Amino acid sequence: MDKRAIVDSVPQRGFFGHPKGLFTLFFTEFWERFSYYGMRAILLYYMYYEVSEGGLGLSETTAASIMAIYGSLVYMSGIIGGWIADRLIGTSKTVFYGGVLIMIGHIVLALPFGASGLFASMAFIIIGTGLLKPNVSSIVGDLYAETDGRRDSGFSIFYMGINMGALIAPFIVGTIGQEYNFHLGFSIAAFGMLLGLAVYLATQKKNLGLAGSYVPNPLSPTEKKKVFTQIGIGAAVIAALVIAGLVKGVLTLGVFTMTISVLGIVIPAAYFFFMYRSPKTSDTEKSRLLAYIPLFIAAVMFWAIQEQGAIILAQYADKRTELAFMGMKLQSSWFQSLNPLFVVLLAPVFAWLWVKLGSRQPSTPVKFSLGLFFAGLSFLVMIIPALGESDTLVSPIWLALSFFLVVLGELCLSPVGLSVTTKLAPSAFSAQTMSLWFLTNASAQAINAQLVRFYSQDTEVIYFGVIGGVSIFIGLVLLVVSSKIRSFMRGVN
């Protein structure tokens, strides 16, 4: 089916001057992100708080590594979601099934099953998010023609919806989880996903039309039989290896973490190679894929910093920050609302700015380089409080400043990255290329699983300084080669 026909079949205005389908996707992601970020706001503390405090009693280093690997697998599973949408059932159905699995995962986490419940819930949420997240963003792209100037603005509005859900979640889920009971907090997250599914089912048919309903590269009956056989064999082999590794004591957390870290680099490299070599990819699309590689690397560096807001900075909020501020008692989980708060406040400004500038706005590579500059600064400012007395709690203003700076970078890079991915994607791999975008986050967190082990109060200056400095350096390199990247983008701005 012609993609242009799908775009034309959807009402083009009705939600802040955008297609009505943006309303459906906006609020579906709003509640999905509420559930995910609400859970994540207390998950680290649930893992390393003592059993007497309602936690699991893990070490802080182990909890940090698990958080990074969990985040990596959540985004890595987008490969599965993209493939299912592209080859089997389309993006719309894949989004719904993903939401169901996410809700089940939160329900399991809400029950007092201990460590076994933790890992079981992670499995459901990892697979469910992989089905939902890349595909709901892909449907946003389907709402607009390739030449529609509202596309970047539409993704910015969509991105604001994501962050509005993430904004309120830590205040509700975090407060209930830390003040009363972690499992009660996780149950609120499950209810959030239920609301997201309700919005999607109630408005999907009317607002989305045919968007997300087609399968761009369907498997033939012969291919289905072959692929399902291969999947079954592969799953059996992996299960056997995991069981054998556990029985023999070879599959330790360290080995598993290193394996995921390696996969975080190998999988996207294989993805680029497969799409580039595919006969279904035209010469123009191959050139655009080459342009996408430096943008991918830049995004990995950015997310490596941004995602530590829920790991290292969350730990910093709990252990190193003065939580009595201006007569209020703060919860450490509340700091997870700073990132989405700044996004909600500034996303409309950036959306207006790109539309206002029109053809005069910075190119995509330049926007990415700006993102890396701000991300690097967000870590460099954390050196300043680290130079003070080691036994003194620091003002929460330092964390607020760090989150503010990384959000400036995020708004230069993330919604623009979503948009440019839909533009540069080969037509036969549209949903899978969106999955590749989310692999930037997976790769970043796979790398973080190794990096976070080096953080401690004694290493703060070196830790924040080196990582922040590397980000700024990569941003400078990207700025220098931005014109060359644009030439490979073949007309995409």
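Scroll up for the structure.
Because the structure is predicted, anything quoted here is derived from the model rather than measured.

Novice: Can you help me understand the pattern of salt bridges in this one?
Specialist: Scanning the model with the defined rule gives 6 salt bridges in all. With its nearest N and O atoms 2.6 Å apart, the salt bridge here joins glutamate 32 to arginine 33. Glutamate 32 sits in the buried class, given a relative accessible area of 0%. Arginine 33 sits in the buried class, given a relative accessible area of 1%. For glutamate 179, the salt bridge identified is with lysine 329, shortest N-O distance 3.8 Å. Placement of glutamate 179 in helix α6 (residues 151-179) and of lysine 329 in strand β2 (residues 328-329) is noted, with a sequence separation of 150 residues between them.

Novice: Sorry, what's going on with helix α5 (residues 114-142) here?
Specialist: An α-helical turn contains 3.6 residues, so any two residues separated by three or four positions project in the same direction. Counted at 1.5 Å a residue, the expected span for α5 with its 29 residues is 42 Å, and the 42 Å between its end C-alpha atoms agrees. If you look at α5, its biggest bend is around 30°, right at threonine 129. In terms of residue burial, α5 counts as a mostly covered element, since 21 of its 29 residues are buried.

Novice: I'm lost on the packing of aromatic side chains in this one. Help?
Specialist: Think of a pair of aromatic rings as described by two things: how far the centres are apart, and how the planes are tilted against each other in angle. Enumeration over the complete set of coordinates arrives at 22 aromatic pairs. Considering the side-chain rings of tyrosine 45 and tyrosine 49, the 5.8 Å spacing of their centres and the 35° angle between planes classify their relative orientation as tilted. When its relative accessible area of 17% is taken as the criterion, tyrosine 49 is described as buried. With centroids separated by 5.9 Å and ring planes inclined at 85°, the aromatic side chains of tyrosine 463 and phenylalanine 464 adopt a geometry described as edge-to-face. An identical accessibility class is assigned to tyrosine 463 and phenylalanine 464; each is buried. A network of ring pairs unites the aromatic residues Tyr45, Tyr46, Tyr48, Tyr49, Phe182 and Phe186 as a single cluster. The lysine or arginine in question, lysine 286, covers the ring of tyrosine 276, its NZ or CZ lying 5.5 Å from the ring centre. Note that arginine 453 overlies the ring of phenylalanine 454, its terminal NZ or CZ placed 5.4 Å from the centroid.

Rules and cut-offs
Residues numbered from 1 in each chain as written. Predicted model: local features only at pLDDT ≥ 70, side-chain atom pairs only at ≥ 80, totals over all residues. Heavy atoms only, no water. Salt bridge = Lys/Arg side-chain N within 4 Å of Asp/Glu carboxyl O. Buried < 20%, exposed > 50% of the residue type's maximum accessible area, 1.4 Å probe, protein only. Helix = DSSP H or I, 4+ residues; strand = E, 2+ residues; numbered from the N terminus. Expected span 1.5 Å × (residues − 1). Bend = angle between axes of the 7 residues up to and from the residue. Phe/Tyr/Trp six-rings, centres within 6.5 Å; stacked < 30°, edge-to-face > 60°. Lys NZ or Arg CZ within 6 Å of the ring centre and 35° of its normal.

Just geometry here; none of it tells us what the structure is for.
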